[in-house]
Amino acid sequence: MNRLYYGDNLTIMQEMESASVDLIYLDPPFNSNRDYHAIYKSETGRPINAQVVAFTDQWEYTARTEAASKELPHAMAAVGIDGTWWLGLASMLRASDPPLLAYLTYMTERLIIMRRLLKPTGSLYLHCDDEAVHYLKIVLDGIFGRTNFRNQIAWQRIKGAGKRSQHGIKNYGRSSDILLFYSAGKTYTFNAQAISLLYADIEKSFPFTDKKGRYKRRSPFRPPGLGPRPNLCYEYKGVFPPHPSGWTVKESKLAALDKAGELEWIGQKPWRKQRPSSGIVPNNIWTDINPPSKSERLGYPTQKPLKLLDRIIKASSNEGDLVLDPFCGCATTIEAAHRLNRR
Ligand SMILES: C[S@@+](CC[C@H](N)C(=O)[O-])C[C@H]1O[C@@H](n2cnc3c(N)ncnc32)[C@H](O)[C@@H]1O
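Residues numbered from 1 in each chain as written. Predicted model: local features only at pLDDT ≥ 70, side-chain atom pairs only at ≥ 80, totals over all residues.

Side note on the overall build of the protein chain
The number of helices and strands found in the protein chain is ten helices and twelve strands. At 27 Å, the protein chain has a C-alpha radius of gyration far larger than the 20 Å of a compact globule built from 343 residues. Along the first, second and third principal axes, the C-alpha set of the protein chain runs to 90 × 55 × 50 Å. For the protein chain, buried positions account for 27% of its 343 residues. (Helix = DSSP H or I, 4+ residues; strand = E, 2+ residues; numbered from the N terminus. Rg over C-alpha atoms; globule rule 2.2 N^0.38 Å. Buried ≥ 20, exposed ≤ 12 C-beta atoms within 10 Å, placed from the backbone.)

Details of helix H9 (residues 306-316)
Turning to H9, its buried residues number three or more, namely Leu-308, Leu-309, Arg-311, Ile-312, Ile-313, Ala-315 and Ser-316. The elements touched by buried residues of H9 are strand S1 (21-26), strand S4 (118-128), strand S5 (149-156), helix H6 (192-195), strand S12 (323-324) and helix H10 (332-339). (Contact = placed C-beta atoms within 7 Å.)

What about the nonpolar core?
In this structure, Ile-24, Leu-126, Leu-136 and Leu-140 are the most contacted members of the largest nonpolar core, which totals 52 residues. Considering each element in turn, this core owes the most residues, ten residues, to helix H4 (residues 98-117). Ignoring sequence-local partners within four residues, the contact set of Ile-24 consists of Met-114, Leu-118, Leu-124 and Leu-324. (Core = buried A, V, L, I, M, F, W, Y, C linked by C-beta atoms within 7 Å.)

Regarding the sheet that holds S12
Each strand in a sheet pairs with its neighbour through backbone hydrogen bonds, running either in the same direction (parallel) or in the opposite one (antiparallel). The six strands are arranged S11-S5-S6-S4-S1-S12 in an open sheet whose pairing can be described as mixed. At either margin of the open sheet sits one strand with a lone partner, and together these are strand S11 (285-286) and S12. As paired elements, S5 and S11 share two bridges and run parallel to each other. Directly across from Trp-155, in S11, lies its bridge partner Trp-286. Along the sheet face, H4 touches S1, S4 and S12 and points at about 145° away from the line of S4. (Pairing = 2+ DSSP bridges. Axes fitted to C-alpha atoms, helices over the stretch in contact; angles between N-to-C directions.)

Here we look at the site of the ligand
In the neighbourhood of the ligand, 16 residues make up the surrounding shell, with Asp-27, Phe-55, Phe-327, Gly-329 and Thr-332 lying closest. Residue composition of the shell around the ligand, by class: eight nonpolar, five polar and three charged. (Near = placed C-beta within 6 Å. Nonpolar A, V, L, I, M, F, W, Y, C, P; charged D, E, K, R; others polar.)

None of the figures reported here should be taken as evidence of function without further support.
Next comes the structure, spelled out in structure tokens:
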């Protein structure tokens, strides 16, 4: 069933069935020490003056967080996780950075439940940035186990210089967000084929086209430095290869390539056509996904692009699977999942 809940994800997830979810994507507050406002547009498309607080990202260590922090090792033990690691982290931060401890307590409470909700083949992607990623990595290692850490992905969120102080530049622009990708176990869904790309600069790399698609020209002759090959030194359609290195392939293979249209004759000289491989799985630096386009933007301050969720959902779930976004914002994940026939 498709379902949208309104409320605190902590209480809602507590009610959910264990091992029921295939993929969790979460884009929680990043500990940025600010509030986020939504700017809604009127029917004529003009921004409405009144801004609505979408969510707050400021943290304070209170008696309630103190109690919640103390409870966390027990909450982990209840789902079979050894939570002693939390004691060290909490005691360090209680002294040095209580607001960060408040933030991590809030995140850890929820991540323990998310781990319980995942199916054994499921995955979780935590979207964050460099503000708290190193602490969140420790938390996720503690909950999922280090061996279930799959990737740290940098998504280039801003093209150009990135966010920096206006008053004298003293650091590098912050232009990327970070996604931590964990699987519940060793065997997990990953559809490499579904997300494979052609080379980004395919037109440059494979400049020619025929009815089968793009290709580049490669010499059919072996480089002389590779040494003599008498058996590859034969005449083909009146062409002699350089002596004594010869052709790259035997005569029967060359004739088969020619017949299949895989040689291009320019004047009297043949070239081999080299085609791109069917695709390449993206590496962990994503520079090909832009922020939401104008037509995609809904006025929500931290809206993520559909293309980002599209890649994650295609890679880490199958049609009919259940996708959970516990920090749904303006519902980018829901829309992407719906378009891809996930629940
Ligand atoms: C960074 S935004 C998510 C943006 C979203 N990925 C999108 O594309 O629109 C974080 C969201 O989490 C929500 N949120 C924060 N704490 C929450 C909680 N305890 N329970 C449920 N939602 C929460 C905020 O209201 C906000 O909508």
